[in-house]
Amino acid sequence: EHIPGAEVRGADAQAAAGRLTCYGGKREQGESSIQCLVRELNEELGWAPEHIPAEPACSLLVDGYLIAHFYEASVDRTDFETEGRAFEFVDESDARWSAWHARILAARRRGDAVAVFD
């Protein structure tokens, strides 16, 4: 069964306050998408998956610009070190998902490799 893990943003977050989002961040110069994924997950969760698919499960385009790649991975633990931010496994239908993340989840349910948010 596929249940997404989510960052639960606090009410005082600069972006998506009170919403569910995915952990991630910006790619550093010279870094591949996979390298960025591993670095960000290690920084934000103290964990990285053993197997990462070569291609993202879905990519997000906002106003025609590539914003993010989303990857799927199996998780074998729940004791993440989250830098004080809440982590939980959440059903895809949860109304707290941010607009972008809800669009990504809907695209994945349809089998689309790209989600568009205009």
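Let me begin by describing the structure that accompanies this report. (Residues numbered from 1 in each chain as written. Predicted model: local features only at pLDDT ≥ 70, side-chain atom pairs only at ≥ 80, totals over all residues. Heavy atoms only, no water.)

### Remarks on the pattern of salt bridges
Part 1: On inspection of all chains with the given rule, the structure shows 11 salt bridges.
Part 2: The residue R109 makes a salt bridge to E92 at a minimum N-O spacing of 3.0 Å. With a gap of 17 residues between them, R109 in helix α2 (residues 99-110) and E92 in the loop between β5 (86-89) and α2 connect regions that are remote in the sequence.
Part 3: Residue R109 is classed as exposed on the basis of its relative accessible area, which comes to 54%.
Part 4: Within the structure, one salt-bridge network assembled from shared partners comprises E28, E31, R39, E40 and E43. (Salt bridge = Lys/Arg side-chain N within 4 Å of Asp/Glu carboxyl O. Helix = DSSP H or I, 4+ residues; strand = E, 2+ residues; numbered from the N terminus. Buried < 20%, exposed > 50% of the residue type's maximum accessible area, 1.4 Å probe, protein only.)

### Quick look at the sheet that holds strand β3 (residues 58-62)
Part 1: Pairing is mixed across the open sheet formed by three strands, whose spatial order is β4-β3-β6. The open sheet terminates on both sides in strands that have one partner only, identified here as β4 (65-70) and β6 (114-117). Sheet twist, expressed as the mean angle between neighbouring strand axes with direction ignored, is 20 degrees.
Part 2: Across four bridges, the pairing between β3 and β6 is parallel. Opposite S59, over in β6, you have V114 as the bridge partner.
Part 3: Packed on one face of the sheet, α2 meets β3, β4 and β6 and runs near 140 degrees to β6. (Pairing = 2+ DSSP bridges. Axes fitted to C-alpha atoms, helices over the stretch in contact; angles between N-to-C directions. Contact = heavy atoms within 4.5 Å.)

### A short note on the pairing of β4
Part 1: Relative to β4, β3 runs antiparallel, the two being bridged by five bridges. Counted as the bridge partner of L60 is A68 from β4.
Part 2: From the end of β3 to the start of β4, which pair antiparallel, there are two residues, and D63 there has a positive phi angle of about 50 degrees.

### A short note on the packing of aromatic side chains
Part 1: In the structure shown here, the tally under the stated rule is five aromatic pairs.
Part 2: Measuring from ring centre to ring centre gives 4.7 Å for F80 and F87, while their planes differ by 65 degrees; the resulting arrangement is edge-to-face.
Part 3: Three or more aromatic residues joined by ring pairs make a cluster, and in this case those are Y23, W47, F80, F87 and F89. (Phe/Tyr/Trp six-rings, centres within 6.5 Å; stacked < 30°, edge-to-face > 60°.)

### Focus: the sheet that holds β5
Part 1: Ordered in space as β2-β1-β5, the three strands form an open sheet in which the pairing is antiparallel. What marks the edges here is a single partner per strand, and that holds for β2 (20-21) and β5.
Part 2: Examined bridge by bridge, strand β1 (residues 5-8) and β5 share four bridges and lie antiparallel to one another. In the strand pairing of β5, A6 is matched with E88.

### Examining unusual backbone geometry
Part 1: We note that A16 has phi near 55 degrees; this positive angle belongs to a residue other than glycine.
Part 2: With respect to the helices and strands, the residue A16 is situated in the loop between β1 and β2.
Part 3: Look at D63: it is not a glycine, yet its phi comes out positive at around 50 degrees.
Part 4: Mapped onto the elements of the fold, D63 is located in the loop between β3 and β4.
Part 5: Residue classification places D63 among the exposed residues on the basis of a relative accessible area of 53%.

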